[in-house]
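Structure assessment
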There are 2 protein chains.
Amino acid sequence: MSRDLRALFDPRSVAILGASNDPAKWGNRLALGALRGENARSVYLVNRNGGEILDRPAYASLADLPEPPELVVLSVPAEGFEEAVEASLAAGAKALVGITTGLGETGADGRAREAAIVERVRDAGAVLLGPNCLGIFDAATGLDLGWSELQGGALGLISQSGNLALELALLAEDYGLGFSRFASLGNQADLEAGELVTSLIDHEPTRVIALYCEDFRDGRAFTRAAQNAVEAGKPVILLTVGAGEVSAQAARSHTGALVSSETAVEAACRASGMERVRSPRELIDLAQAELARVRPRGRRVVIVGDGGGHGIIASDVAAAEGLELPPLSDELQGRIAPHLPAAAPTRNPVDFAGAGEQFLTIFEDVTRIILESGEVDAALVTGYFGGYSEFSDEFRAEETEVALGMARAAADTERALVVQSMYPRSPSLVALREAGVPVYREIEAAAWALARLANQAERSPGGVPELPAPADGPIPDGYWEARELVASAGIELPPAFRATNAGEARSAAVELGYPVAVKALGLLHKSDAGGVALGIADEEALGDALASMATLSVEGYSVERMASVDDGAELIAGCIRDPRFGPIVLVGIGGIYAELLDDTAVALAPVDAVQAETLIRSLRGAAILEGARGRAALDVPAAAEAVAALSQLAASRPDLAEIEINPLLVTPSGALALDARVLSGENGADAR
Amino acid sequence: MSRDLRALFDPRSVAILGASNDPAKWGNRLALGALRGENARSVYLVNRNGGEILDRPAYASLADLPEPPELVVLSVPAEGFEEAVEASLAAGAKALVGITTGLGETGADGRAREAAIVERVRDAGAVLLGPNCLGIFDAATGLDLGWSELQGGALGLISQSGNLALELALLAEDYGLGFSRFASLGNQADLEAGELVTSLIDHEPTRVIALYCEDFRDGRAFTRAAQNAVEAGKPVILLTVGAGEVSAQAARSHTGALVSSETAVEAACRASGMERVRSPRELIDLAQAELARVRPRGRRVVIVGDGGGHGIIASDVAAAEGLELPPLSDELQGRIAPHLPAAAPTRNPVDFAGAGEQFLTIFEDVTRIILESGEVDAALVTGYFGGYSEFSDEFRAEETEVALGMARAAADTERALVVQSMYPRSPSLVALREAGVPVYREIEAAAWALARLANQAERSPGGVPELPAPADGPIPDGYWEARELVASAGIELPPAFRATNAGEARSAAVELGYPVAVKALGLLHKSDAGGVALGIADEEALGDALASMATLSVEGYSVERMASVDDGAELIAGCIRDPRFGPIVLVGIGGIYAELLDDTAVALAPVDAVQAETLIRSLRGAAILEGARGRAALDVPAAAEAVAALSQLAASRPDLAEIEINPLLVTPSGALALDARVLSGENGADAR
């Protein structure tokens, strides 16, 4: 859904319902903020007690206003919310901002009330932000309802927490960054995060979109909106805690390590090109980077500074962030050496060895020569630069000139430039930021941000796949049925027979040929309970295995041909259904080191075989599949076919919460599901 | 070596040799700084041109001074350095600070000159700092030679880079931290980092010791000094370089340093309890934490704040740093609930749900109740606290009272308290810091620092082992000889025969029993070259294997009984010899995922079997050895015996640069070296 939000962010008239003289009340802050925009629109303060508010006559009712209020801000008690909404719509409002708390966030009753309200609002062709929100801000239209501390700027911010928005604003000040728009999300009864993201795509002053979000509502619509924004050249940065964390936690403790709402958010980021961050500081650090005039097209970086210690520390930090520090060619070193003292290192990092103080223009000259060479994608200037301005007015003027010269060098060569300085507030660096060069105080922030941009250059969003039509089918109530479901999707499993007693098991083993594996049926956690025996070499061993399972009150056995894992590798393939983002497919390195490796890749399901192969090859451990240490290359395309088939199956079955193949054995000649597990959505019944 | 450094840091008289009127010269800065201490000592400015410097008569020669200068600072050209040192010693100097550049850092000739100078200095019973250093600072004695921008405080700083020291000082200001002493290390011709660390142990104003160091000189002496400091209650924080190849290379060219491997530095930290950091910012973040009045005794943390978003973000960040967030007991939640609004979450994180603004004392009351319960080791207060002071003078006074109340609660309960605030410079938080509570601006810094303290609580330094007497022995010149060397240390290997042709190999296989492994001898990289065949099941397979190796121009074969890895796990065990820290022992998880897991632990060699077992069990993947996923527990003590024996062997053979057993197979009943490799120190000849 994408509606016209002009009345919300640029209303011709605004009414504050619940305006107040009491500085302790939000209605006072809203009224003060609204009045700051009085030159742009009519402002009406409404309070049922009438009288004067902030030295102006207050209206006792919306019905008394001389014109329809395009936007009404509702700061009223919860019990009067419906009445206030009705009055607003009756007065002709096209946008409502619900400050009121005590509705959807309190439980099912509140959510039912909200649903009814939203129906009324939509019927009237209006939109509602909130309720339980803190207001909105629009720098260009002078609309400031609740957020007087925001500076204008290029960030469009959507936040589900007022305090976090405040912290973001304070952190942004360090970098001279401000906000184009801010919307406090609240309960998202009507307007959801996705629709607000969409509204920012065509909002010219917004250059970067930032979100703090705890609940994504329609996660796929949100992801599509983010993808559209990214494709339109507006980076989206997401700070979140993971939708459905509590339910995911419960599922995790029940089924093991692979389930996580982190997974869903990661899949949404992969699909949309949205960037996930883990703290307010990271959000602002990245926002500054996203605003860089020139972005790196790769991860090759030269480190430049005056003072060896900084360059060396920067090298370690940059390498740890995954940046590459190629040694500069002899030819290039030969061209920069004449600018530097005799002993100055020119390999990378380049150290001016104290010459910067005498010849400040070295910074510009050397940086330009290196960027022009094409041997790197970015220059990272580190350490003292910015501090020369402290010496004198002359130095300040010269340093600013040199800084702008470096910015020009970056623009001319279309190579990125990032600066870390111990004097980040230096006038020369303020000028540099204004010229589109990110400036950080800490080397880890500078290197991290540059690495994030380099990562982005290497990726393209996978997109949000369409869901297949929901299919019916029996819900597997055990391991055997889970096997059959997986097999029905066209995924290969080892030949197996179901046996109800020892005699049938022996016959099955003879039919299959030894060695075999035996799995007890009817156990909730068959492996932990001792209900799995692998590599059974002969009839005697089979007898032992069956004897040891005899005490487990099993419902029979699956007798399977034993696959040799010697020249293969174990993957994990699984699908979970997130309440917000729908089906998610996951692949990972399996085996006994799986948990330790924590090497997984995820995507919104379903994926086709090509996408699945990309996913598998994106694993850190992908080299293992490609024939490391003298081993034969494994049949990754076959594994990808299995993953794709599993994802199609999962996407078509909303009644299944989780399907997992662990291990998926990849051999030089195929892929084989050695075990399967299904968890139904309704009752959590576990089919192992 | 630990000499009296009183004359260096608290001289009764100081002479500046090379004092200057030219503000662009360091001799000017040194003179200005020295004069600031004139109330504490005699200051003599010396310049061979005589005349006036800074409005004082300058002496043309040290011989002209009216008294012997206890400390002489030498800011003279390199060619006159020896002469200046002689003149200083002749004048009676007991301490020298060599500012002069162009000596040891330029190469072997310069180092030879330094060695001769040091001999003269030591013969005269004096000490020399530098040369190629930038000066010293001592807050208590008012000695300020070159470092006028340092604030007094509790950090003792030793640095091999002037600019990094400056950055540290600027970052420290944020936290109101200053410096008790500073020494610029320079070339460490005489005074080394270790001796300076030792001098800070008894220096009362110094509470935390911080180092930036590129070259550790006598690494074991340095490590012992750090260990002594840590044991004396003075934490040591180390910023160093060489994590990556690029930085190691750069450091070598920066100071001519012998850069130690990452492994060696890690081993030194483990031995001493010294804390490694990767950036100036981390150093200062950790220094603030080390100054905390109460340190956590474990990693259980409660997160407290007013505003849910902050608490949830903090939970994610704290968990990512390895802190534990136990749910508070029902009983405890029952006791804090009455202080909070009805819907406020009390499980952990605890969220005041907006009540803080009305009842600021909640912060103190709730924090105290939780800390008194003993259910957590620390409280992490996050978000808005500090911002209430912005409202009014009354709020400021109350918030400061509440802050100090929280500090008292921490002191009374001996539980740690750390605060993250978006208003870190608030007067209430300045007061809180002065009360010994670390306050950070970013949640990641707060959680990281708290986690570092928690890690420290769980560890005790391993100590610096004595080296065994150097032993002689042949240097292995091939795989077979490397096997024999390892076997001579008492480490078990699979039975094997050396065979010079196919016939001998067949006999050996029969003798050993199939399956066997065959390794070609005389190849530099036998595995990569195809000179290793494993799991040879019968004579036919043996013939094939030998045929495929026939083209490799080998010097015979090692035919070995094949060990089954099925119910075991592969470790890597190795020793390297660092030029500064000596022999280092390393254990790690092996196998095809070894590189990906990057799971290693290191220690200064030699280690005994008990220490080796601790080392092995400290691996992230140690659970694999203890019988994960239904496997039998492995014989870790046997693996530890092998590692200890290897470390003893390596420590006694300085002529061996590297010894490696990879894999060291650990089974339920023993440990077996399946392959061995030795690299000699002299020529790098590789014995595989």
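Heads up: these notes are all about the structure in this document. (Residues numbered from 1 in each chain as written. Chains lettered and ligands numbered in written order. Predicted model: local features only at pLDDT ≥ 70, side-chain atom pairs only at ≥ 80, totals over all residues. Heavy atoms only, no water.)

1. Examining the interface of chain B and chain A
Heads up, the condition is: By definition, residues are in contact when any of their heavy atoms lie within 4.5 Å. Joining two parts hides part of their accessible area as seen by a 1.4 Å probe, and the buried area is that hidden amount summed over both. The salt bridge criterion pairs a side-chain nitrogen of Lys or Arg with a carboxyl oxygen of Asp or Glu, the two atoms within 4 Å. What qualifies as a polar contact is a pair of N or O atoms within 3.5 Å, subject to a donor-acceptor requirement within protein and to the restriction that residues adjacent in sequence count only when both atoms come from side chains. Numbered from the N terminus, helices here are DSSP runs of H or I no shorter than four residues, and strands are runs of E no shorter than two. As a working rule, the residues Ala, Val, Leu, Ile, Met, Phe, Trp, Tyr, Cys and Pro are called nonpolar, Asp, Glu, Lys and Arg charged, and the rest polar, with Gly in that last group.
Each partner contributes residues to the interface: chain B has 61 residues there, and chain A has 60 residues. Here chain B and chain A share an interface that buries about 5,000 Å² over both sides, 59% of which is from carbon and sulfur atoms. Taken as a group, B:Arg278, B:Tyr593 and B:Leu596 account for 13% of the area that chain B buries against chain A, more than any other trio of residues on that side. Linking chain B with chain A are six salt bridges, by the criterion used here. For the salt bridge of B:Glu442 with A:Arg281, the shortest nitrogen-to-oxygen distance reads 2.5 Å. One can count 14 residue pairs in polar contact (both at pLDDT 80 or more) joining chain B with chain A. The set of elements that each furnish at least two residues to the side of chain B that touches chain A consists of helix H5 (162-174), strand E13 (236-240), helix H8 (245-255), helix H10 (280-290), helix H11 (308-320), helix H16 (443-458) and helix H20 (594-597) of chain B. In terms of residue class, the side of chain B that touches chain A is made up of 27 nonpolar, 17 polar and 17 charged.

2. Concerning the side chain of A:Thr141
Residues and elements named next belong to chain A. In plain terms, the rule: For the exposure calls, accessible area comes from a 1.4 Å probe over protein chains only, and a residue counts as buried if that area is under 20% of its type's maximum, exposed if over 50%, partly exposed in between.
Relative to the helices and strands, Thr141 is located in the loop between strand E8 (136-138) and strand E9 (143-145). Look at Thr141 and you get buried, because its relative accessible area is 15%. A distance of 2.8 Å separates a polar atom in the side chain of Thr141 from the backbone oxygen of Phe9.

3. Overview of the state of the cysteines
Rules: A pair of sulfur atoms, both from cysteines and within 2.5 Å, is called a disulfide here.
Within the structure shown, the criterion is met by zero disulfides over all chains. Between A:Cys575, a cysteine without a disulfide, and A:Cys269, which holds the nearest cysteine sulfur, the sulfur-to-sulfur distance is 19 Å.

4. Quick notes on the side chain of A:Thr400
Residue and element names in this part refer to chain A. Residue position: Thr400 is located in helix H14 (residues 393-413). The class of Thr400 is buried, set by a relative accessible area of 19%. Leaving out residues up to four positions away in the same chain, Thr400 has contacts with Pro427, Ser428 and Ala431.

5. Focus: the nonpolar core
Note the threshold: Residues grouped as a nonpolar core are buried Ala, Val, Leu, Ile, Met, Phe, Trp, Tyr and Cys residues, joined through side-chain atoms within 4.5 Å.
Formed by 182 residues in total, the largest nonpolar core has its most connected members in A:Val350, A:Ile370, A:Phe385, B:Val350, B:Ile370 and B:Phe385. Sequence-distant contacts of A:Phe385, defined by excluding residues within four places in its chain, comprise A:Leu360, A:Phe363, A:Glu399, A:Val402, A:Ala403, A:Met406, A:Ser421 and A:Leu429. In this structure, A:Leu649, A:Ala676, B:Ala603 and B:Leu664 belong to the second largest nonpolar core, which totals 89 residues.

6. Quick word on a negative patch on the surface
Worth spelling out the cut-off: Nonpolar side chains (Val, Leu, Ile, Met, Phe, Trp, Tyr) are joined into patches within 5 Å and like charges within 9 Å, using only residues with over 30% relative accessible area and no salt bridge. Per-residue and other accessible areas were derived by the Shrake-Rupley procedure at a 1.4 Å probe size, with only the shown protein chains allowed to occlude residues. The convention is simple: Lys and Arg are positive, Asp and Glu are negative, and His and the chain ends are not counted. By convention, the point assigned to a charge is CZ for Arg, NZ for Lys, CD for Glu and CG for Asp.
Taken together, the side chains of A:Asp538, A:Glu539, A:Glu540 and A:Asp544 make up a negatively charged region of the molecular surface. Residue classification places A:Glu539 among the partly exposed residues on the basis of a relative accessible area of 45%.

7. Quick notes on the relation of the copies chain B and chain A
What counts here: Here the copies are superposed with least squares, the fitted atoms being C-alpha atoms of residues at a pLDDT of at least 70 in both.
With an RMSD of 0.1 Å, the operation that places chain B on chain A is a rotation of 180° combined with a shift of 0.1 Å along the axis. In symmetry terms, the pair is related by a two-fold rotation axis. Across chain B, the smallest distance between a C-alpha and the rotation axis is recorded for B:Leu597, namely 3.0 Å. Looking at chain B, 84% of its interface residues are interface residues in chain A too, so the copies touch through the same face.

8. A word on unusual backbone geometry
Most of the time, phi is negative for any residue but glycine, and the peptide bond is trans. Residues and elements named next belong to chain A. A cis amide bond links Gly130 to the next residue, Pro131, at an omega of -5°. Relative to the elements of secondary structure, Pro131 occurs in the loop between strand E7 (127-129) and E8. The step from Asn348 to Pro349 runs through a cis peptide bond, and the omega angle for that step is 5°. In this model, Glu414 sits at a positive phi of 55°, which is unusual for a non-glycine residue.

9. Overview of the packing of H11(B) against H16(B)
Residues and elements named next belong to chain B. The line we're drawing: Each axis is a line fitted through C-alpha atoms, taken for helices only over the stretch in contact, and angles between the N-to-C directions span 0 to 180 degrees. Working rule for angles: under 35 degrees goes down as roughly parallel, over 145 as roughly antiparallel, 65 to 115 as roughly perpendicular, anything else as oblique. Here a crossing is called left-handed whenever its near helix is offset anticlockwise from the far helix by less than a right angle, and right-handed whenever the offset is clockwise.
Where H11 contacts H16, the two axes come as close as 9 Å, and the packing angle between them is 40°. With respect to their mutual orientation, H11 and H16 come out oblique. Where H11 crosses over H16, the two elements pack in a sense that is right-handed. Between H11, through Ile313, Ala314, Val317 and Ala318, and H16, the contact on the second element is made entirely by Ile443, Glu444 and Ala447. The residue makeup of the contact of H11 with H16, split by class, is six nonpolar, no polar and one charged.

10. Describing the pairing of strand E1 (residues 13-17) of chain B
Residues and elements named next belong to chain B. So the rule is basically this: In short, DSSP must find at least two bridges between two strands for them to pair. The path from the first strand over the helix to the second decides the hand: if it runs clockwise while the strands point away from the viewer, the crossover is right-handed.
Most of E1 sits inside the fold, with five of its five residues counted as buried. Burial along E1 is two-sided: Ser13, Ala15 and Leu17 and Val14 and Ile16, pointing in opposite directions, are all buried. Here E1 runs beside strand E2 (residues 42-46); their pairing, made up of five bridges, is parallel. Bridge assignment links Leu17 to a residue of E2, and that residue is Val46. Regarding the hand of the β-α-β motif, the stretch spanning E1, helix H2 (residues 26-36) and E2 is right-handed. Pairing between E1 and strand E5 (residues 71-74): four bridges, direction parallel. Along E5, the bridge assignment pairs Val14 with Leu71.

11. Some words on the environment of B:Gly27
All names here are of chain B. Its location among the elements puts Gly27 in helix H2. You can call Gly27 buried: its relative accessible area is 3%. As a C-alpha pair, Gly27 and Leu17 span 10 residues in sequence and 7.8 Å in three-dimensional space.

None of the figures reported here should be taken as evidence of function without further support.
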